[in-house]
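# Examining the three-dimensional arrangement
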Amino acid sequence: MKINYIKLYGEADFNYSLNSNVTIIYDESGSGKTLLFKMIEFVLGSDGTQINKLEAEKIFPKSQGVEMSIGNRNQTYILKRSFDLKTQTISNNGINLDGDYKALLDTIINHNPIKVLKNQKYDASSFTLREYIKSIFFNESRLTSTDHLYGGNPIEKTKNINFYKYLVTGMFLDVKDISDSNKQLKSKDEIATSLRTIEREISQPTLEDKKKYKKLKKTIENNELKFKENNEMLVLLQKEKQEKVINFERLKSLKQLFESQIEDLTSAKQFTDFIGSYTIKCECGKEVKVIEDEINDNDYIILLSKVKDLTKQISIINTEIKNIKTQILNIEQKNKILLNEIEINNEQLEILDKKIQEYDAYIKIKSVFQKKVEDKTAEENIKLEQVKIDEAFSTEIDKICSKIGKRLQAWGIEQYSNVQFDMADFDFKFGGTSRYLLSKGYRNICTFASVIEILLKSMSLKINLLETIVVDSLWSHLFRDDNDVEEIINKIVEDLEQLDVQVLIIENKIPSVHSERTTIQKLKKKTD
């Protein structure tokens, strides 16, 4: 698809048809040639900020926007875009098409935007018509620039290099692989961030921590064993105490019984002693003693002895009970201390155990995450595909270099016809000199020759894009004998006329072109 015409709507005098393969529009500096270049980019979808509205109004006071017709043998489309962007329409046979202006441009040219890597983080960028224009259209500043082929912005280096590789090979990376690699990389970043966060919150147990952990565990085990032994002793002591208390109560009861008997004997003896001397006369006249039998002192003594023994035994048992109670209190006190120590040690052990367990869990998680970090499936796919693209590019760019050299020879610039491509520099070399280091005049011509061959290659690969090159100030910087320059210009024009490529050249000098097949027009002056 090529450009049929370009004009400013609202400005009747600014209307240019591009019916020839080669069209040259010329005028002096400051007449609006650079603005013309920007208008072409603008109507083809570049940002409106590229158009300085005040500059446009100064040179073309009645201009409101840009209109362009593009088409092929089957279809013709009218693109219309106002400087204020309020009007952005594309029509076919007088009917405006529905949809986004830029997306419609890609559609009508049958260009399916592909994705290429734009950085090492696997972010992707679409190769749209706007990107194509940046690769094939050269205004004066870019044509004479000392930047590399991929431009002067290092941020866009990877993206622009991949665009050129696509134009030369027709190959591009699978969108899914790019997406998977991007996700994989982001996942790795998230994992790394998470692990760093965990590492800040979790400290690795030291050798001292591990020694202390073992010591605490052993201490707790020993204390729990002592506590158990003490409890068993308490059970035995309580049982013994209970038995002694029972014996104590029995002996006490027995003593009380004996004491009661002694009291009874004592009372009986006192009574006997009191009335033992009394007698009474019976009817027969005899005197009879009131109490015949006397109390047996031996029984009394025996009872007293028993009570004494019982009292002694009771005292001994009572002492033993007191001793047992003391032992019980001591053991209970020891158990209380042991329980307190066990509780304190358990708390310390729990802190250390948590620290160790958390770190062990972190190591396990890190191990799992590490496998994910080391998983390079998507990245490897990208690298393998990239290698294929690079190999294809290397092969094709060598062929392009050969064709550029032949074209320069045909143009009469033999001294730069030895063309190579420096992969590390990603730019052409002419006669051993990097393209961007050539003198300005030859830099322009050599760059233009390179762009032609790249466009022809992309056309042969059926990459659907505009088959048009727009170049500003192609030969105005050539410093040679006028006859030599004229000869070179005519050779270039004659060569371009043979190509199935549309070329619009914007110059500030009236070229001495002999061919009648090339359209030469002077830039229209502003309407007063």
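Here the structure is a predicted model, which means the values were calculated and not measured. Along each chain, residues carry numbers from 1 onward, in the same order as the chain's sequence is written. Under the rules for a predicted model, residues below a pLDDT of 70 receive no local features and side-chain atom pairs below 80 are neither given nor counted, while totals for whole chains, interfaces and linings still include all residues. Side-chain calculation: all heavy atoms of the structure are included, whereas hydrogens and water are not.

### Description of the sheet that holds strand β3 (residues 22–26)
Let me state the cut-off plainly: Any two strands with at least two DSSP bridges between them are considered paired. By definition, any uninterrupted DSSP run of H or I lasting at least four residues is a helix, any uninterrupted run of E lasting at least two residues is a strand, and each is numbered from the N terminus. Only the stretch in contact is used when fitting a helix axis, every axis being a line fitted to C-alpha atoms; angles between N-to-C directions are given from 0 to 180 degrees.
With parallel pairing, four strands are arranged side by side in an open sheet as β15-β16-β3-β17. In this open sheet, the two strands that pair with only one neighbour each are β15 (468–472) and β17 (519–522). Pairwise comparison of adjacent strand axes, ignoring direction, gives a mean angle of 15 degrees for this sheet. Bridge count between β3 and strand β16 (residues 502–507): five bridges; the pairing is parallel. Its bridge partner lying in β16, Val 22 is registered against Val 503.

### Quick notes on helix α11 (residues 440–460)
Definition in use: Given a helix with a known number of residues, its expected span is that number minus one, times 1.5 Å. Exposed residues in this analysis have more than 50% of their type's maximum accessible area, buried residues have under 20%, and partly exposed residues fall in between, with area computed by a 1.4 Å probe over protein chains only.
Between its first and last C-alpha atoms α11 spans 30 Å; for 21 residues at 1.5 Å apiece the expected length is 30 Å, and the two agree. Of all 21 residues in α11, 18 are buried; the element is thus mostly enclosed. Looking at the residues trailing α11, positive phi occurs at Lys 462, about 60 degrees.

### Considerations on the sheet that holds strand β4 (residues 65–71)
Reading across from one edge, β2-β1-β4-β5-β6-β7 is the order of the six strands in this open sheet, with antiparallel pairing throughout. The outermost strands of the open sheet, each flanked by one partner alone, are β2 (15–17) and β7 (95–96). Note that strand β1 (residues 2–9) and β2 share three bridges and pair antiparallel. Among the inter-strand pairings, Lys 7 is bridged to a residue of β2, identified as Asn 15.

### Structural notes on the packing of helix α4 (residues 129–136) against helix α6 (residues 157–169)
Under the convention used in this document: Comment on the angle field: the value is read as roughly parallel under 35 degrees, roughly antiparallel over 145, roughly perpendicular from 65 to 115, and oblique elsewhere. Should any heavy atoms of two residues lie within 4.5 Å, those residues are considered in contact. In this classification, the charged set is Asp, Glu, Lys and Arg, the nonpolar set is Ala, Val, Leu, Ile, Met, Phe, Trp, Tyr, Cys and Pro, and all remaining amino acids, among them Gly, are polar.
Relative orientation of the contacting elements α4 and α6 amounts to 85 degrees, with a least axis distance of 11 Å. The angle between the axes of α4 and α6 places the two elements in the roughly perpendicular class. Contact residues: α4 offers Glu 131, Ser 135 and Ile 136, while α6 offers Lys 159, Asn 160, Phe 163, Tyr 164 and Leu 167. Taken together, the residues that form the contact of α4 with α6 break down as four nonpolar, two polar and two charged.

### Points about the pattern of salt bridges
For the record, the criterion: Salt bridge, as used here, is a side-chain nitrogen of Lys or Arg placed within 4 Å of a carboxyl oxygen of Asp or Glu.
Summed over the entire model, instances satisfying the criterion amount to 16 salt bridges. Between Asp 500 and Lys 2 there is a salt bridge; the shortest N-O distance is 3.0 Å. Of this pair, Asp 500 sits in the loop between α12 (482–497) and β16 while Lys 2 sits in strand β1; the two residues are 498 residues apart in sequence, bridging distant segments of the chain. Judged by its relative accessible area of 52%, Asp 500 falls in the exposed class. For Lys 429, the salt bridge identified is with Asp 422, shortest N-O distance 3.7 Å. Judged by its relative accessible area of 23%, Asp 422 falls in the partly exposed class. Through salt bridges with shared partners, one network takes in Glu 396, Lys 399 and Lys 457.

### Brief notes about helix α1 (residues 33–43)
The buried fraction of α1 is high, at nine of eleven residues. Every buried residue belonging to α1 is among Lys 33, Leu 35, Leu 36, Phe 37, Met 39, Ile 40, Glu 41, Phe 42 and Val 43, and all of these are buried. Residue Gly 45 follows α1 closely and has a positive phi angle near 110 degrees.

### Let's talk about the pairing of strand β12 (residues 419–422)
The two faces of β12 differ: Val 419 and Phe 421 on one face are buried, but Gln 420 and Asp 422 on the other face are not. Where β12 lies against strand β13 (residues 427–430), four bridges are found, and the strand directions are antiparallel. Residue pairing across strands places Asp 422 opposite Asp 427, the latter belonging to β13. Between the antiparallel neighbours β12 and β13 lie four residues, among them Phe 426 with a positive phi of about 50 degrees.

### Notes on the packing of aromatic side chains
Rules: The rule is short: rings of Phe, Tyr and Trp, with Trp giving its six-membered ring, pair when the centres are within 6.5 Å, and they are stacked under 30 degrees, edge-to-face over 60, tilted in between. Consider the ring centre and the ring normal. A charge sits over the ring if Lys NZ or Arg CZ is within 6 Å of that centre and within 35 degrees of that normal.
Counting across every chain of the model gives nine aromatic pairs. Relative to Phe 83, the ring of Phe 42 lies with its centre 6.0 Å away and its plane at 40 degrees, an arrangement referred to as tilted. Placement of Phe 42 in helix α1 and of Phe 83 in the loop between β5 (76–82) and β6 (88–92) is noted, with a sequence separation of 41 residues between them. Phe 83 matches Phe 42 in its accessibility class, with the two residues each being buried. Considering the side-chain rings of Phe 393 and Phe 426, the 5.4 Å spacing of their centres and the 15 degrees angle between planes classify their relative orientation as stacked. Taken as a pair, Phe 393 in helix α10 (residues 377–410) and Phe 426 in the loop between β12 and β13 lie far apart in primary sequence, 33 residues in all. Across the pair, Phe 426 and Phe 393 agree in class, each one buried. A connected cluster of aromatic rings, assembled from ring pairs, spans Phe 393, Phe 421, Phe 426, Phe 428 and Phe 430. For Lys 80, the ring lying beneath its charged end belongs to Tyr 9, and the centroid distance is 4.8 Å.

### Brief notes about the side chain of Thr 468
Quick note on the threshold: Polar contact is defined as a pair of N or O atoms within 3.5 Å, subject to the rule that within protein one atom must be able to donate a hydrogen and the other to accept it, and that residues adjacent in sequence are counted only when both atoms are side-chain atoms.
Of note, Thr 468 is situated in strand β15. On the basis of relative accessible area, Thr 468 is assigned to the buried category, the value being 0%. A polar contact of 2.7 Å, which involves the side chain of Thr 468, links it to the side chain of Gln 502. In contact with Thr 468, not counting residues within four places along its chain, are Met 1, Lys 2, Ile 3, Tyr 132, Ile 136, Phe 137, Leu 455 and Gln 502.

### Looking at the confidence of the model for the chain
Note the following rule: Per-residue confidence from the predictor is given as pLDDT, running between 0 and 100.
Per-residue confidence for the chain averages 81 on the pLDDT scale, and 80% of its residues sit at or above 70. Per-element mean pLDDT across the chain ranges from 54 in strand β11 (residues 287–289) up to 96 in β12.

### Quick notes on the environment of Leu 499
Assignment of secondary structure puts Leu 499 in the loop between α12 and β16. Residue classification places Leu 499 among the buried positions, given a relative accessible area of 14%. The sequence separation of Leu 499 and Asn 21 amounts to 478 residues, and the corresponding C-alpha distance is 7.7 Å.

### Here's the deal with the pairing of β13
Here β13 pairs with strand β14 (residues 433–434) via two bridges, running antiparallel. What sits directly across from Lys 429, in β14, is Ser 434. Hairpin connection, β13 to β14: the antiparallel pair is bridged by two residues, and Gly 431 has positive phi, about 60 degrees.

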